[in-house]
Amino acid sequence: MTDSISLPAHHWPALEPGWVWLCGAGPGDPGLLTLHALNALRQADVIVYDALVDERILDWAPEAEKIYAGKRGGKPSAKQRDISLRLVELAQAGRRVLRLKGGDPFVFGRGGEEAQTLVQHGVRVRIIPGISAGIGGLAYAGIPVTHRDVNQSVTFVTGHDQSGATPSSLDWAAISRGSQVIVIYMGIKHASAIAEALLAAGRSADEPVAVVAGATTPTQKVLETRLDRMAADIADTKLEPPAIICIGRAALMRQVLDWQGQIAGEAPRDLDPLGRGRPAEQG
């Protein structure tokens, strides 16, 4: 990747000295970056980026200083307070600061915390949304997060809290009753506890599940399983985070919509995985 891609004509905002732009880099594939994000990369003096940002994206900002601020579970990571205050320090030094975060900065990305810290210290901010892995990552696996024959609701859940444990504040019974499709971020390490909680809350043992690891990247892997076997199958296949877990009948749609498999020459496994018994265009 190079910096040769030209932005189309538009009144693009200027990244001014002393400002911080909090930007989502999308779920992995550099092509999913927004034009506002590309505009930010072209102007930044310094980029503070997360572990899940594809480093090829940084090639679009060859002159900028790059500061790694990745946070990965179970590995040495920068403290959130230190990251936030470093952004303040850089802005107050008159730098043009781009804070580049995987996915969307406001979806389990601590972007709200960082933005609030900046505003509390008098630093001006702009928020640039990104494609969240819970939507874009599933789409790359051929799974629509909503489908009118499956769900009228979807719940996005984090699989661990600040301590790294399964969030104790989550009402799994209410989530189980209230949402036909559940999308879980950062839940692969606690898959067993999550499955037990949902089964205890009344979800069916044979409910379809898809686990997408490395979503939208060249190393993407997809596990199709069922709720009662989810944890064992994750262990058997040795899937590693980052991963998105989709629980619900929407996961069945991969059987017809695995578009990457079809590009590679594979035939759809089932043209009617929901068992509608009629063409998709017929309501």
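Residues numbered from 1 in each chain as written. Predicted model: local features only at pLDDT ≥ 70, side-chain atom pairs only at ≥ 80, totals over all residues. Heavy atoms only, no water.

(A) Region of interest: a nonpolar patch on the surface. Taken together, the side chains of F108, I135, F156 and M186 present a nonpolar region at the surface, about 340 Å² in accessible area. Tracing the backbone shows F108 in the loop between strand 4 (97-101) and helix 3 (111-120). (Patch = residues over 30% accessible without salt bridge, like charges linked within 9 Å, V, L, I, M, F, W, Y side chains within 5 Å. Areas by Shrake-Rupley, 256 points an atom, 1.4 Å probe, with all protein chains shown as cover. Salt bridge = Lys/Arg side-chain N within 4 Å of Asp/Glu carboxyl O. Helix = DSSP H or I, 4+ residues; strand = E, 2+ residues; numbered from the N terminus.)

(B) Representation of the layout of surface pockets in the model. Approximately 170 Å³ is the volume attributed to the second largest pocket. Along the walls of the second largest pocket sit 13 residues, with H147, D149, M253, R276 and A280 positioned nearest its centre. Tallied by class, the residues present in the lining of the second largest pocket amount to 7 nonpolar, 1 polar and 5 charged. (1 Å grid on protein atoms, 1.4 Å probe; cavity = no way out; pocket = protein on both sides within 12 Å on 5 of 7 lines; lining within 4 Å. Points joined across faces, edges and corners; volume = space filled by probe spheres on them. Nonpolar A, V, L, I, M, F, W, Y, C, P; charged D, E, K, R; others polar.)

(C) Structural context of the packing of helix 2 (residues 80-92) against helix 3. At a minimum axis separation of 9 Å, helix 2 and helix 3 run at an interaxial angle of 45°. It follows that helix 2 is oblique to helix 3 by the angle criterion. Our pair here, helix 2 against helix 3, has a crossing hand that is right-handed. In contact with Q80, I83, S84, L85, L87 and V88 of helix 2, helix 3 contributes E113, E114, T117 and L118. (Axes fitted to C-alpha atoms, helices over the stretch in contact; angles between N-to-C directions. Parallel < 35°, antiparallel > 145°, perpendicular 65-115°, else oblique. Left-handed = near helix turned anticlockwise from the far one by under 90°. Contact = heavy atoms within 4.5 Å.)

(D) Looking closely at unusual backbone geometry. Cis geometry is adopted by the peptide bond preceding P242, which originates at P241 and carries an omega value of 5°. Topologically, P242 is positioned in the loop between helix 7 (230-237) and strand 10 (243-247). The phi torsion at M186 lies on the positive side, around 55°, for a residue other than glycine. Its place among the elements puts M186 in the loop between strand 7 (181-185) and helix 6 (191-200). We classify M186 as partly exposed; its relative accessible area is 35%. We note that T216 has phi near 70°; this positive angle belongs to a residue other than glycine. As for its placement among the helices and strands, T216 is situated in the loop between strand 8 (208-213) and strand 9 (221-226). Residue class for T216 comes out buried when judged on its relative accessible area of 6%. (Buried < 20%, exposed > 50% of the residue type's maximum accessible area, 1.4 Å probe, protein only.)

(E) Just the environment of D50, in detail. As for its placement among the helices and strands, D50 is situated in the loop between strand 2 (46-49) and strand 3 (65-68). Placed 28 residues apart in sequence, D50 and L22 show a C-alpha to C-alpha distance of 12 Å. Reaching out from D50, the side chain makes a polar contact with the side chain of R99 at a distance of 2.8 Å. (Polar contact = N/O pair within 3.5 Å; in protein donor to acceptor, adjacent residues only side chain to side chain.)

(F) Local environment of the side chain of R99. Examined against the element boundaries, R99 turns out to sit in strand 4. By relative accessible area, R99 is classed as buried at 1%. A distance of 3.3 Å separates a polar side-chain atom of R99 from the backbone oxygen of V48. Not counting the four nearest positions on each side in its chain, R99 is found in contact with V20, W21, L22, C23, V48, Y49, D50, A69, I83, L87 and E114.

(G) Inspection of the pairing of strand 10 at higher detail. Counted residue by residue, strand 10 has 5 buried out of 5 residues, so it is predominantly covered. Of the two faces of strand 10, the one carrying A243, I245 and I247 and the one carrying I244 and C246 are both buried. Strand direction decides the pairing type here: strand 7 and strand 10, joined by 4 bridges, are antiparallel. The residue bridging I184 from the neighbouring strand is I245, located in strand 10. Across 5 bridges, the pairing between strand 8 and strand 10 is antiparallel. Bridge pairing in strand 10 links V209 to I247. (Pairing = 2+ DSSP bridges.)

(H) Spotlight on the sheet that holds strand 7. In spatial order, the strands read 6-7-10-8-9; together these 5 strands make up an open sheet with mixed pairing. Taken across any chain shown, the strands that pair with only one partner, and hence form the sheet edges, are strand 6 (154-158) and strand 9. Across the sheet, the mean angle separating the axes of adjacent strands is 15° when strand polarity is ignored. As paired elements, strand 8 and strand 9 share 6 bridges and run antiparallel to each other. By the bridge assignment for strand 9, V209 is matched with T225. Its contacts with the sheet place helix 7 against strand 8, strand 9 and strand 10, and it is angled at close to 145° to strand 9.

Fair warning: the whole summary comes from geometry, so function is off the table for now.
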